[in-house]
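Here's the letter readout for the chains.
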Amino acid sequence: MGADTGNTGSPDIRCKGLAKVFPGGVEAIRPLDVTFEGGRTTALVGPSGCGKSTLLRIIAGLETPSSGEVRVGGAPPAEIQRDAGLSMAFQDPSLLPWRTVRGNIELALKLARRPPAPHAVENLIRLVGLDGFAGSRPAELSGGMRQRAAIARAMVTEPRLLLLDEPFGAVDELTRRQLAEDLPLLWEPRRTTALLVTHSVVESVLLADRVLVLSPRPAGIVADIPVPLPRPRAAGVAETPEFRSIARAVAEALARGMAQARPPLAAQ
Ligand SMILES: Nc1ncnc2c1ncn2[C@@H]1O[C@H](COP(=O)(O)OP(=O)(O)O)[C@@H](O)[C@H]1O
Ligand SMILES: [Mg+2]
């Protein structure tokens, strides 16, 4: 009990010598030493198949590392899961098909043993742009709408740790931009520790305090880029020279990682 959550109330995440080789020999993560500070948003950017989801799943306690360890607020990941302080949203949202959007979101509250909060649920539904669809079932929604429902479901419990794995993958470009602007308004005041996996350089810089650029598999850190842009980040921020220069640094690091991967780097 009692994960150490520091003074932000949100846990830090420490990975020490964390590595993953799947049975069968696929090396997904090379030994990784990294700390994600409590209360901050970090974006993980890397090529497809490099090990991003594996890393997130290990941090969530859904997968075990083959060596090294993860501590969430000083404790094994299972602990924060047990006290319902952790929420996740994945690219492939696992909504219950027989429940409505509202029903799926309310269920998350119930499972976390939180009191019903109709107002908060309606607010979130509006925020993710699903106004008018609260009573719809997942099969009646587009892929992007389902992802947005899953994001609302992840946020409704006000988690201390939020893990988002390409949550905007199926969301159309215009809505993505809107979500990238609106969602941080929810998790920032609460100082949630957030990890966001994304393919999009712009999204990473828009949302995060820090961008970690990963190499092709096995994932290793190519660059660790701070994003010192003021918050909240208004619509126009992506057009500023500061934003563009950070986005360029991320894109260049991605390209560098790809180039270095051939011939493959030896695991450390
Ligand atoms: N359960 C598993 N068993 C074996 N290999 C896996 C498993 N899960 C993922 N992998 C492999 O590990 C690598 C990294 O996968 P993943 O973490 O999903 O990448 P990303 O999320 O960056 O696209 C891939 O080569 C993938 O095929
Ligand atoms: Mg993935």
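Calculation notes
Residues numbered from 1 in each chain as written. Chains lettered and ligands numbered in written order. Predicted model: local features only at pLDDT ≥ 70, side-chain atom pairs only at ≥ 80, totals over all residues. Heavy atoms only, no water. Near = heavy atom within 4 Å. Polar contact = N/O pair within 3.5 Å; in protein donor to acceptor, adjacent residues only side chain to side chain. Areas by Shrake-Rupley, 256 points an atom, 1.4 Å probe, with all protein chains shown as cover. Helix = DSSP H or I, 4+ residues; strand = E, 2+ residues; numbered from the N terminus. Nonpolar A, V, L, I, M, F, W, Y, C, P; charged D, E, K, R; others polar. Buried < 20%, exposed > 50% of the residue type's maximum accessible area, 1.4 Å probe, protein only. Right-handed = clockwise from strand over helix to strand, strands pointing away. Pairing = 2+ DSSP bridges. Axes fitted to C-alpha atoms, helices over the stretch in contact; angles between N-to-C directions. Parallel < 35°, antiparallel > 145°, perpendicular 65-115°, else oblique. Left-handed = near helix turned anticlockwise from the far one by under 90°. Contact = heavy atoms within 4.5 Å. Salt bridge = Lys/Arg side-chain N within 4 Å of Asp/Glu carboxyl O. Core = buried A, V, L, I, M, F, W, Y, C linked by side-chain atoms within 4.5 Å. Domains from an automatic or database assignment.

Enquirer: Can you tell me about the site of ligand 1, naming the residues and giving the values?
Expert: In the region of ligand 1, the neighbouring residues are Phe22, Val26, Ala28, Pro47, Ser48, Gly49, Cys50, Gly51, Lys52, Ser53, Thr54 and Arg217. In the environment of ligand 1, an oxygen atom lies 2.7 Å from a nitrogen or oxygen atom belonging to the backbone of Gly49. Compared with its free state, where it exposes 560 Å², ligand 1 has 61% of that area covered by protein. The biggest single contributor to the shell around ligand 1 is helix 1 (residues 52–59), with three residues. For the shell around ligand 1, the per-class residue count stands at five nonpolar, five polar and two charged.

Enquirer: Give a detailed account of the pairing of strand 6 (residues 161–165), specifying residues and quantitative values.
Expert: Burial analysis of strand 6 places five of its five residues in the buried class, the great majority of the element. Here strand 6 shows no split at all, with Leu161, Leu163 and Asp165 on one side and Leu162 and Leu164 on the other all buried. Handedness of the strand 6-helix 6 (residues 173–187)-strand 7 (residues 193–198) crossover: right-handed.

Enquirer: Which residues make up the pairing of strand 2 (residues 27–36), and what values go with them?
Expert: Where strand 1 (residues 13–21) meets strand 2, six bridges bridge the pair, whose relative direction is antiparallel. Residue pairing for strand 2: Cys15 is matched across the bridge by Val34. What sits between the antiparallel neighbours strand 1 and strand 2 is a turn of five residues, in which Gly24 has the positive phi angle 105°.

Enquirer: Explain unusual backbone geometry residue by residue, including any values.
Expert: At the junction of Arg217 and Pro218, the peptide bond is cis and its omega measures out at -5° in the coordinates. With phi around 55°, Arg113 is a residue other than glycine that occupies positive phi space. Along the chain, the position of Arg113 falls in the loop between helix 3 (101–111) and helix 4 (118–127). Given the relative accessible area of 75%, Arg113 is considered exposed. One non-glycine residue, Arg191, lies in the positive phi region at around 55°. The residue Arg191 is located in the loop between helix 6 and strand 7 in this model.

Enquirer: Give me the packing of helix 3 against helix 4: which residues, what numbers.
Expert: Direction vectors running N to C along helix 3 and helix 4 enclose 125°, while the axes themselves pass 10 Å from each other. In terms of orientation, helix 3 lies oblique with respect to helix 4. Between helix 3 and helix 4 lies a crossing whose hand is right-handed. Of the residues in helix 4, those in contact with Val101, Arg102, Ile105, Glu106 and Leu109 of helix 3 are Val121, Glu122 and Ile125. Among the residues forming the contact of helix 3 with helix 4, the class breakdown is five nonpolar, no polar and three charged.

Enquirer: If you had to explain the pattern of salt bridges to someone new, which residues and values would you point to?
Expert: Going through the model one piece at a time under the given rule, you end up with twelve salt bridges. Close ionic contact of Lys20 with Glu63 constitutes a salt bridge, the shortest N to O distance being 3.7 Å. Placement of Lys20 in strand 1 and of Glu63 in the loop between helix 1 and strand 4 (67–72) is noted, with a sequence separation of 43 residues between them. On the basis of relative accessible area, Lys20 is assigned to the buried category, the value being 6%. Overall, the relative accessible area of 22% leaves Glu63 in the partly exposed class. For the salt bridge of Glu158 with Arg190, the shortest nitrogen-to-oxygen distance reads 3.6 Å. In this pair, Glu158 sits in the loop between helix 5 (143–155) and strand 6 while Arg190 sits in the loop between helix 6 and strand 7, placing the two residues 32 residues apart along the sequence. In this structure Glu158 comes out as partly exposed when scored by relative accessible area, which is 44%.

Enquirer: Kindly report on the nonpolar core, identifying the contributing residues and their values.
Expert: Formed by 53 residues in total, the largest nonpolar core has its most connected members in Met155, Leu183, Trp187, Val205, Val211, Val213 and Phe243. Built from parts of two domains, this core gets at least three residues from each of domain 1 (1–85 + 161–261) and domain 2 (93–158). Excluding residues that lie within four positions of it along the chain, Met155 makes contacts with Leu124, Leu162, Leu183, Leu186, Trp187 and Arg190.

Enquirer: Quick rundown of the sheet that holds strand 4? Include the residues and the values.
Expert: Pairing is antiparallel across the open sheet formed by three strands, whose spatial order is 2-1-4. In the strand order of this sheet, the two ends are held by strand 2 and strand 4, each with one partner. Put simply, the sheet's adjacent strands are angled 20° from each other on average, direction ignored. In the sheet, strand 1 pairs with strand 4 via five bridges, with the strands oriented antiparallel. Across the sheet, the residue bridging to Ala19 is Ser67, located in strand 4. The strands touched by helix 1 are strand 1, strand 2 and strand 4; relative to strand 2, the strand with the most contacts, the crossing angle is about 55°.

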